[in-house]
Every structure is written in C-alpha cells, then in structure tokens.
There are 2 protein chains.
Amino acid sequence: MANINDVSRLARVSKATVSRVLSGNRGVREESRQAVLKAVQALNYQPNLIAQSLSGQSTGCVGVICAMESMQHAVNYLPALEKQFRRHNKHLLLRFADSAAGVESAISSLGRGLCDAMIVIGARFELPKLDGSVVLIDCLNAPGAYSISFDHAFAAETACQYLISHGRRQLALLNYPDGETAENVLHGYRRGLEYHLVPYNRRLVVCRDPSPRVALQALVNSGARFNGLLVMNQADAREAISVLHAYRRAVPDQLAIISLDGAAPLPGSLLPLPAIEYPLEKLAEQALEMITGHSGTGPLVIRGDLVAG
Amino acid sequence: MANINDVSRLARVSKATVSRVLSGNRGVREESRQAVLKAVQALNYQPNLIAQSLSGQSTGCVGVICAMESMQHAVNYLPALEKQFRRHNKHLLLRFADSAAGVESAISSLGRGLCDAMIVIGARFELPKLDGSVVLIDCLNAPGAYSISFDHAFAAETACQYLISHGRRQLALLNYPDGETAENVLHGYRRGLEYHLVPYNRRLVVCRDPSPRVALQALVNSGARFNGLLVMNQADAREAISVLHAYRRAVPDQLAIISLDGAAPLPGSLLPLPAIEYPLEKLAEQALEMITGHSGTGPLVIRGDLVAG
DNA sequence: TTGTATGCGTTATCAG
DNA sequence: CTGATAACGCATACAA
C-alpha cells in the first residue's frame, strides 16, 4: 500500500500539503491540489487508519460487548448499530461476554487505545462500575452515567391494557428475578390491572430464572387460572408456547401471550405475537449521540411501541 | 492512560528496557526487571495497541463482513468466531453487507491498515474477485483461494437418505437459484433418490428465489404430490411450515421437512426439525488457521452432521 | 501558499 | 546488560 511519502514524491509537494489536501483543503493552490489528487488516484492511496489514530487521538473504533445470555436478543442490535456508526466512519469492535467478569475483561482488552468508546448490550447480570465512556444499552441495573434503558413499567402497563382490552383479565407474569427491573415490571403490571379493577393475584407472578419452563410448569401446576401471559422477551415467549402446548393450552386462542421486548422478530415465525418493541434505529442514533457527545448527559429511558401480533 | 515513558521514568530505566521486559524478557538484569514490573503495576500500564500496530506491522484485527440476506444465519457464526479469535488476541471488526458492492466497500474501508485479514460470511450473491487475505465462509460461488464451504451435494444426499429411511419417498426440493451450489444440491438430491430407486420428478424441484413462499405455493398448486421437503436453511423451513400450515398440511405428520443448513437452531423452537448442521467451533478453528497461515492453502469443503429433529 | 520539524507510543537496531 | 535513536505513517504548529 502506498503511503503519504509516495504521494508527496509523485506530486512533487511535501507530505504536509498532501495531508492538507486530503483533510479539509484549506489554503492550497489549485495546481498543487490537482497534482496531489492525481497522485492519489494513480497510487490508489488511502491514508493508513492506524497512523491517523496514533497521530490524532481517536481511533474511530467503538467496542461493542454483547451479553451472551440473551444473545439472540443482543445480536439484533448489531446491524442497526453498525449502519448508524458506519455513517460516521466509526468501526465496531465486537466482543461477547456472559458475565460481569467477562465484560470487565473485554473492556480492559479493548480499552488499550483501540477504542474511543464502548457499548455494552443486553447484560442481564450485575455490571461492575464502569468508565464514563461506556454506554449501556438494554442492561438491567445500569450503573453508569450513560445508559439507554427501557421503561419496563410502561411496557408492562401497556401490555396489560392491551390484553385486558382483548378480553383477557386473568394475567400471569413471567418476570425477571428480584431487582430494580423486576420491580418496575411488577409496578406497571399492577397499575395496568388496577386501572381495570382487576384484583392482583400474587400466585400469577412467577420468576423466569433459572428456567422459564420450570416456572411455567409450576404456575400451571398451582392451579391458578390465567388466560393471558406477559413474558420478558421472544425467546421466553417461545418457551412458553412450547410448555403450554404440552399442557394442551392453545395459543393464542385459549391463552394470549405478549412479550415485553419484541426485538428479534423471527423471520417466517409461525405465530406473530403481540409485543412491545423498541425502535432499533432510534436506539442506534441515541447511542451514537451519547458517544460522540452531542447529547445531553444522563441516562435515557425510552418507551416501546405496542405491536399487535 | 500511562504510557511507556511514564513507566521508564518511574522505573529509572529506558523505554527500551521497559519494552524488553514486557515482550520476551531476554537479557534484562533481574533488578531492572523487577523495577519495571513494579512501575507497570503502580501505573496500571498497558501497552497501547495502536502504537504497537504502527510499529509492528500487524494490527491484530480481523474484519468480519456478514451478509445480511441470511443474517439470522451469518450472525450465528459470530460468537464462535469471536471466541476462537480472542484466544489468539485477535479482535473482530464487524460490518454488514447486502450486496457485492457492499462487500467491496466494506473491504476497502477496512483494508486501510485496520485489519490484517478479512472474513466474509454467508454471501448468497455473486462475489467480486478478492484479495488473498480474505477468507470466505459459507459463501455461494466462492471465487477466492481461501474459502470454507459446505458440501451441499453430500448434505442433500444425506437428507434424502434420512427422509426415505423414514418412509418419505416423494421428496420436494426448495433449491437455490441457478448456480454451482444449486447444481451440487440437485446432484446430491438425485443421487439420494437413485440409491433408493425413486424416480426423479423435476416438478418437485422449485427455486426459493425470489420467494420461498411463492415457490411453495406454486409447488402445491401444481398438484405434484410430496411428503418430504428439503429446504436450504431454517428460515426457509419456517416459511415452509407457515405456507403448508395454510394449506392444512401438518408438519411433520403429513410432511417431513429437513434443512440443509441447520445453523441457528432457534431457542425454544416449537418443532425441532431434522437438519444438516455444520460445527461452528471447527469452522472457527479452520478460519483462524487460514488467517494465521498455519494451514495448507486452498479451499476447504466440510461435511455437515445429520441431526434428527 | 508551502515546506520543515516535531509528536503520537511502540519496537527494533546498534553502539556502548 | 542497557540506553540512545531511528523507524512506523500521519497530522499540525510554526517558519518561511
């Protein structure tokens, strides 16, 4: 690959002039400018990004750490993020992690001059204290200053409203394990019920961890009756369908299921379920703004769209 | 972030000595070694990767370009690749592309000193001529010297054997559009039939492009009878189930479906279909070897495992 | 308007 | 065994 010296030699100007022409051509004689451009063409010269990074102080790379638990999940953000960041000439450095330790290791490995910033996506585990240049997307218990999280209370409430307005009043909830997010979900769930004067039945609330299947089995076994079910994501929805199928409960005829995070709508899915979805492009935009710093600081909470099945 | 100068100052040695200690500590007095190590600890020093890249000639980054058509597909290789490459301190630079032009653009954008090598995954479109440092994985019509592709003929034959041994003799094929791969699939399909003396019926072979749904509709409408179906991937399988469901054909009771690429087994999938699967870890290993050059050159064709539903 | 010189952080060469 | 010093490729302040 040709470098700036080759170009300057061929164009009979100095490296500085070449550099000037290529980055904001201010104050260069048209003649030299053309010479440089011609040489660039001839040599098919492209500035070396590594050298640019070292000289400037920015690499143009952003580390993206995907939590693996809900991978099907996190992975769906990737195309939207990549598209958005590419527009701004930013590259994505990909890592996966399945624990807080994994995230820390990824961060320290990426944070050695390679990245200008980092994004953690979809972590369901407790996160360590993080640097200011780390943006958290869809992470539970986001401890950082920069985070984009979902309004789970609002989502749960909306889901209840939807199901109840479709004639389902006995609503079960397959919630996250104890934590801020679970409380938010529960809050929204109760608000949704209250609005329609549906009494709250704690037996209808179960925890998806360690296993959604077991939780649902326990729920069914308990004899508590329900004709609607709120789940936390599409994967859980599938599990639920599968379990309930085994119990001869037809979805959505006898039992309506709604997902509180409808990301990752699987192509050619057999039965499209209603869900609360979060717009991927908007999300990517916000993440970019947080990273480039054009945005006001502070965590951001976004509300999802109700999408009927 | 502390740099090598800070360390050398604190340890009262030169930069060179610091560098020596950190990379293969050959010929350094134990005393200085300890001093350096102490300083490194104290300052939490980690060598800047960008500077290392500029100085050495390798960035330790590998570009990964995922074809977007069968994204659900390509994206599934990512975790395995990342895991494998991370072991060798290689980072993954992620891009998506949906056309040959997109791939070219990605390659030229990544090929400016950022990457040592590149991988293209899952391209179903015609690929341009590519540099030697590009490895093609699961790409149709792989034109490069380095490629890992699947033995489609073998897969198709295996699929036929499986279905026929399960009492399905009228096998339809939802094939790729014209091309080398489609021919291979067709070859395997015919071989599988021949083995069991099942006559070949060309009406049972349809093309999945531009739309698997339409192709299947046409197939059903044609009146040709079939009780088994070979599809090219899980997404197509889902589409097929959906279409056939509409025609009141139950899967897998009346009709058995097998996928020739069972990657991306969806979690909690309702009905696990039989499929030919390609081992992701092996694949990632091979890709790594091709890139690090420890492997004999030339394209590699691998055969998939039959996994019953 | 242009060229020179210096810095970015590291590795490697070569004297000492 | 160690320390200066020259690359690596580019950007930029400064001088002309």
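Rules used throughout
Residues numbered from 1 in each chain as written. Chains lettered and ligands numbered in written order. Predicted model: local features only at pLDDT ≥ 70, side-chain atom pairs only at ≥ 80, totals over all residues. Heavy atoms only, no water. Helix = DSSP H or I, 4+ residues; strand = E, 2+ residues; numbered from the N terminus. Pairing = 2+ DSSP bridges. Axes fitted to C-alpha atoms, helices over the stretch in contact; angles between N-to-C directions. Contact = heavy atoms within 4.5 Å. Parallel < 35°, antiparallel > 145°, perpendicular 65-115°, else oblique. Left-handed = near helix turned anticlockwise from the far one by under 90°. Nonpolar A, V, L, I, M, F, W, Y, C, P; charged D, E, K, R; others polar. 1 Å grid on protein atoms, 1.4 Å probe; cavity = no way out; pocket = protein on both sides within 12 Å on 5 of 7 lines; lining within 4 Å. Points joined across faces, edges and corners; volume = space filled by probe spheres on them. Core = buried A, V, L, I, M, F, W, Y, C linked by side-chain atoms within 4.5 Å. Buried < 20%, exposed > 50% of the residue type's maximum accessible area, 1.4 Å probe, protein only. Near = heavy atom within 4 Å. Polar contact = N/O pair within 3.5 Å; in protein donor to acceptor, adjacent residues only side chain to side chain. Buried area = accessible area lost by both parts, 1.4 Å probe. Salt bridge = Lys/Arg side-chain N within 4 Å of Asp/Glu carboxyl O. Expected span 1.5 Å × (residues − 1).

- You'll find chain A entered in an unreviewed UniProt entry as LacI family DNA-binding transcriptional regulator, with Acerihabitans arboris given as the organism.

1. Points about the environment of A51(A)
Part 1 of the argument: Topologically, A51(A) is positioned in helix α4 (residues 49-55).
Part 2 of the argument: For the pair A51(A) and L260(A), spaced 209 residues apart in sequence, the C-alpha to C-alpha distance is 46 Å.

2. What to know about the sheet that holds strand β1 (residues 61-67) of chain A
Part 1 of the argument: Strand order in the open sheet made by the 12 strands is β11(A)-β5(A)-β4(A)-β3(A)-β1(A)-β2(A)-β2(B)-β1(B)-β3(B)-β4(B)-β5(B)-β11(B), with mixed pairing throughout. Here the strands that pair on one side only, and so sit at the sheet edges, are β11 (300-302) of chain A together with β11 (300-302) of chain B. Averaged over all pairs of adjacent strands, the angle between strand axes in this sheet comes to 25°, irrespective of strand direction.
Part 2 of the argument: When strand β2 (residues 91-97) of chain A meets strand β2 (residues 91-97) of chain B, the two strands line up antiparallel, connected through three bridges. Bridging across to β2(B), L92(A) finds its partner in L94(B).
Part 3 of the argument: Sheet strands in contact with helix α6 (residues 77-87) of chain A are β1, β2, β3 (117-121) and β5 (147-150) of chain A together with β2 of chain B, and its direction is about 90° off that of β2(B).

3. Concerning the packing of α6(A) against helix α12 (residues 280-292) of chain A
Residues and elements named next belong to chain A.
Part 1 of the argument: The contact between α6 and α12 brings their axes to 9 Å, and the two run at 50°. If you check the angle between α6 and α12, you find them oblique. Pair α6 / α12 crosses with right-handed handedness. Of α12, the residues touching α6 (which contributes Y77, A80, L81, Q84 and F85) are L280, E281, L283, A284, E285, A287, L288 and I291.
Part 2 of the argument: Its residues assigned to classes, the contact of α6 with α12 shows 10 nonpolar, one polar and two charged.

4. Notes on the layout of surface pockets
Part 1 of the argument: Estimated volume of the largest pocket: approximately 1100 Å³.
Part 2 of the argument: For the lining of the largest pocket, the elements supplying multiple residues, two or more each, are α4, α7 (100-110) and β3 of chain A together with α2 (15-22) and α4 (49-55) of chain B.
Part 3 of the argument: Looking at the lining of the largest pocket element by element, the count peaks at four residues for α7(A).
Part 4 of the argument: Tallied by class, the residues present in the lining of the largest pocket amount to 17 nonpolar, 16 polar and five charged.

5. Describing the environment of G113(B)
Part 1 of the argument: Mapped onto the secondary structure, G113(B) falls in the loop between α7 (100-110) and β3 (117-121).
Part 2 of the argument: Counting along the chain gives 143 residues from G113(B) to A256(B), while the straight-line C-alpha distance between them is 50 Å.
Part 3 of the argument: Aside from chain neighbours lying at most four places away, what touches G113(B) is N48(A), I50(A) and T59(B).

6. So, the nonpolar core
In a soluble, globular protein the nonpolar side chains are often hidden away together inside.
Part 1 of the argument: Counting residues in each nonpolar core, the largest one holds 142 residues, and the members touching the most others are L230(A), I257(A), L230(B) and I257(B).
Part 2 of the argument: Discounting residues that sit within four places of it in the chain, L230(B) has contacts with A156(B), A159(B), C160(B), L163(B), L171(B), A172(B), L173(B), L174(B), Y189(B), I258(B) and L260(B).

7. Describing the protein's contact with DNA strand D
Part 1 of the argument: Close contacts around DNA strand D come from 22 residues, with I4(A), Q52(A), S55(A), R29(B) and S32(B) the closest.
Part 2 of the argument: A share of 68% of the atoms of DNA strand D within 4 Å of the protein falls on sugar and phosphate groups.
Part 3 of the argument: Between T17(B) and DNA strand D, the recorded distance is 2.9 Å, taken from a side-chain N or O atom to a phosphate oxygen.
Part 4 of the argument: Among the secondary structure elements, those contributing two or more residues to the surface near DNA strand D are α2 (15-22) and α4 of chain A together with α2 and α4 of chain B.
Part 5 of the argument: Residues belonging to the surface near DNA strand D are distributed by class as follows: nine nonpolar, 10 polar and three charged.

8. A look at the side chain of N233(A)
Residues and elements named next belong to chain A.
Part 1 of the argument: Positionally, N233 belongs in the loop between β8 (228-231) and α11 (234-246).
Part 2 of the argument: Classification of N233 as buried rests on a relative accessible area of 7%.
Part 3 of the argument: There is a polar contact of 3.0 Å between the side chain of N233 and the backbone nitrogen of A235.
Part 4 of the argument: Reaching out from N233, the side chain makes a polar contact with the backbone nitrogen of D236 at a distance of 2.8 Å.
Part 5 of the argument: Setting aside residues no more than four positions away along its own chain, N233 makes contact with H73, R208, S259 and D261.

9. Let's talk about the interface of chain B and chain A
Part 1 of the argument: Across the contact, 42 residues belong to chain B and 43 residues belong to chain A.
Part 2 of the argument: Together, the buried faces of chain B and chain A total about 4100 Å²; carbon and sulfur atoms form 67% of this surface.
Part 3 of the argument: Between R95(A) and E82(B) there is a salt bridge whose closest N-O contact spans 3.0 Å.
Part 4 of the argument: Contributions of two or more residues to the side of chain B that touches chain A are made by α4, α5 (71-74), α6 (77-87), β2, α7 and α11 (234-246) of chain B.

10. With respect to α11(A)
Part 1 of the argument: The end-to-end C-alpha separation of α11(A) is 18 Å, in line with the 18 Å expected for 13 residues at 1.5 Å each.
Part 2 of the argument: Next to the buried residues of α11(A) lie β6 (171-175), α10 (212-221), β8 and β9 (256-259) of chain A together with α11 of chain B.
Part 3 of the argument: Within two residues after α11(A), R248(A) carries a phi angle of roughly 65°, on the positive side.

11. Here's the deal with the protein's contact with DNA strand C
Part 1 of the argument: Surrounding DNA strand C, one finds 22 residues, the nearest of these being R29(A), S32(A), I4(B), S19(B) and S55(B).
Part 2 of the argument: For DNA strand C, the backbone portion of the atoms within 4 Å of the protein, that is sugar and phosphate, comes to 64%.
Part 3 of the argument: Contacts to DNA strand C include R20(A), whose side-chain N or O atom sits 2.9 Å from a base nitrogen.
Part 4 of the argument: A distance of 2.8 Å separates a phosphate oxygen of DNA strand C from a polar side-chain atom of Q52(B).
Part 5 of the argument: Within the residue set of the surface near DNA strand C, elements represented by two or more residues are α2 and α4 of chain A together with α2 and α4 of chain B.

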